[in-house]
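An overview of the molecular structure
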Amino acid sequence: MNPVTAPAADVVVVGGGVAGLVIAWEVARAGRRVIVCESGDDTGGMLRRGCVAGVDLDLGAESFAIRSSGVADLVADLGTGAALPLTIVEPRPEGAYLVLPAPFGRVRRLPLPRRAVVGMPAEPAASDVVRVIGRAAARRAARERDLPAGLPSGAEPSLFDLAAARYGRRLAERLVDPLCQSVYSQPASAVRLSAVHPSLWAEFARRGSLTAAAEAVAPAARAGSAVRGIDGGMWRLAAALRTAAEAAGAVIRTDAPVQALRTAAEGFDVVLAGETLRAAHVVVATGPAAAGALLHVDVAAPVGGAVRLVTAEVVSGALDARPVGSGVIVAPGARGAAKALTHVDAKWDWAARALPPHTHVVRLSARDADAPGLDTPAAVAAELRRLTGARIRTGDVRALTQTRWSDAVTSATAEAAAWRAAARAAAPAGIHLAGATVAGTGLASVIPHARELARALVARTSHPATA
Ligand SMILES: Cc1cc2nc3c(=O)[nH]c(=O)nc-3n(C[C@H](O)[C@H](O)[C@H](O)COP(=O)(O)OP(=O)(O)OC[C@H]3O[C@@H](n4cnc5c(N)ncnc54)[C@H](O)[C@@H]3O)c2cc1C
């Protein structure tokens, strides 16, 4: 076995994504010794910076949900003195579109209903809902409020079956399923509302109606306003966290994949290539496959297939008018290689200000990360024409950046819940789990969970001065 060459740490964090960085900062600023081991060549994980058309921007997560104040609280606590200022910004007000299949292989583009949560409308008879599902289906959906309270069969059905039973099948097919597939990468038939949107579920339980629940939870003003971003990109949050953690004394090591964890006489040995670190506590803040391997979890990791994003610089006046607002969500039946598109500078003013005239940045999310497609300027131009209706030529697509993640959790499924229970059982006392793997996908879930774990770790480890 490799000798223990590094000094003991109170906490070793495996994984330098946002969860690992939050814990490093919190534990270090409380005076504890903390080392972060990140396998990649940079920290941030799914908060990844790229440079497109000369502008630094996000290649991964680009916004955060404001269903909790967790992200805003962290930004406030990091303070204005951060080397990289963090200013929370709202997306532009136009909202996004839904792309639906139309006859002869064509598509229809319709604005997404403004007051809806996971496709479930607060105003089922509103004109933007009627345009998507038709007048008769909207009338049917509007009766949801008058249905008897409670679940169709007692136990919680899938999100699709719940929405179909209460709002009607057409609304479930045209709104709920596309939104679910786009946001959670799972068909609505594979997830439950209580897992994908606990606060909507709680409101449904309280009010007995999905319409009333959506009314309580949906942003009042418009689609999209349930999220915020950071001026210049979310990657800045990870960069600021790392700077603050290092300033507080955390040691952050990149290109340092952890190969194994072993129980030692006092604490744990964290095995890296050619070196072993000794820690009183270990936090595993990786994706589920890596965590499962380190903890020898004998249940298959809930990894829902790889995620592939294509970020393109497009120079064309045809996108100046923001033809699909902040972007589109593509209904499964509309086929094509992309399941969603974000028109980055139509969504974020900071990006529009930074880019030269007629230069745009679009992000396409591949429907199947492993299938070919979206890998040449011609393929991207064709998909952009289809999804936006704008006349984009191959020569307009100037640069393509492909980004891929293979260990992203599908936190909303029953398998994910079973895995979490097995992983917790496999981790001995003193080894803790953090990140989307246990907290659920998204910064609004990951950050508060990591801060709470950090507080518990600080309480359980003694300050050097008092030890
Ligand atoms: C394309 C994309 C877009 C997204 N958009 C949004 C969004 O707009 N809003 C939102 O709230 N959320 C979004 N998310 C989800 C959000 O980014 C994640 O939930 C969150 O960033 C997860 O953070 P984490 O620290 O748990 O994990 P990660 O960011 O995955 O970090 C885990 C780290 O562990 C490292 N690691 C793995 N194995 C080892 C090992 N053996 N040793 C050492 N290190 C290891 C990895 O390299 C990685 O850096 C998006 C995710 C993706 C993929």
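Residues numbered from 1 in each chain as written. Predicted model: local features only at pLDDT ≥ 70, side-chain atom pairs only at ≥ 80, totals over all residues. Heavy atoms only, no water.

Looking at an unreviewed UniProt entry, one finds the chain named FAD dependent oxidoreductase and attributed to uncultured Microbacterium sp.

Topic: the sheet that holds strand β6 (residues 88–89)
Paired through their backbone hydrogen bonds, the strands of a sheet run either parallel or antiparallel. Strand order in the open sheet made by the three strands is β5-β11-β6, with antiparallel pairing throughout. In this open sheet, the two edge strands, each paired with only one partner strand, are β5 (64–65) and β6. Across two bridges, the pairing between β5 and strand β11 (residues 227–230) is antiparallel. Paired with F64 across the strands is R228, a residue of β11. (Pairing = 2+ DSSP bridges. Helix = DSSP H or I, 4+ residues; strand = E, 2+ residues; numbered from the N terminus.)

Thoughts on the packing of helix α1 (residues 18–29) against helix α17 (residues 443–460)
In contact at an axis separation of 8 Å, α1 and α17 are set at 30° when each is read in the N-to-C sense. Note on packing geometry: the crossing formed by α1 with α17 is right-handed. Here V18, A19, V22, I23, W25, E26, V27 and R29 of α1 lie close against α17, whose contacting residues are L443, V446, I447, A450, R451, L453, A454, L457 and V458. Taken together, the residues that form the contact of α1 with α17 break down as 14 nonpolar, no polar and three charged. (Axes fitted to C-alpha atoms, helices over the stretch in contact; angles between N-to-C directions. Left-handed = near helix turned anticlockwise from the far one by under 90°. Contact = heavy atoms within 4.5 Å. Nonpolar A, V, L, I, M, F, W, Y, C, P; charged D, E, K, R; others polar.)

Here we look at the site of the ligand
The ligand sits among 28 residues. The nearest are E38, M46, S63, A436 and L443. The separation between an oxygen atom of the ligand and a polar main-chain atom of A19 is 3.0 Å. One of the backbone nitrogen or oxygen atoms of A436 is found 2.8 Å away from an oxygen atom of the ligand. In isolation the ligand exposes 1,000 Å². Once the protein is present, 84% of that is buried. Broken down by class, the residue content of the shell around the ligand amounts to 15 nonpolar, eleven polar and two charged. (Near = heavy atom within 4 Å. Polar contact = N/O pair within 3.5 Å; in protein donor to acceptor, adjacent residues only side chain to side chain. Areas by Shrake-Rupley, 256 points an atom, 1.4 Å probe, with all protein chains shown as cover.)

Re helix α4 (residues 135–142)
Residues of α4 that are buried: A137, A138 and A141. The buried side chains of α4 occupy one side of the element, clustering within an arc of 100° when seen end-on. Turned more than 90 degrees away from the buried face of α4, the exposed residues are R135, A136 and R139. For α4, the secondary structure elements touched by its buried residues are α3 (127–133), α5 (159–167) and α6 (169–184). (Buried < 20%, exposed > 50% of the residue type's maximum accessible area, 1.4 Å probe, protein only. Arc of directions from axis to C-beta.)

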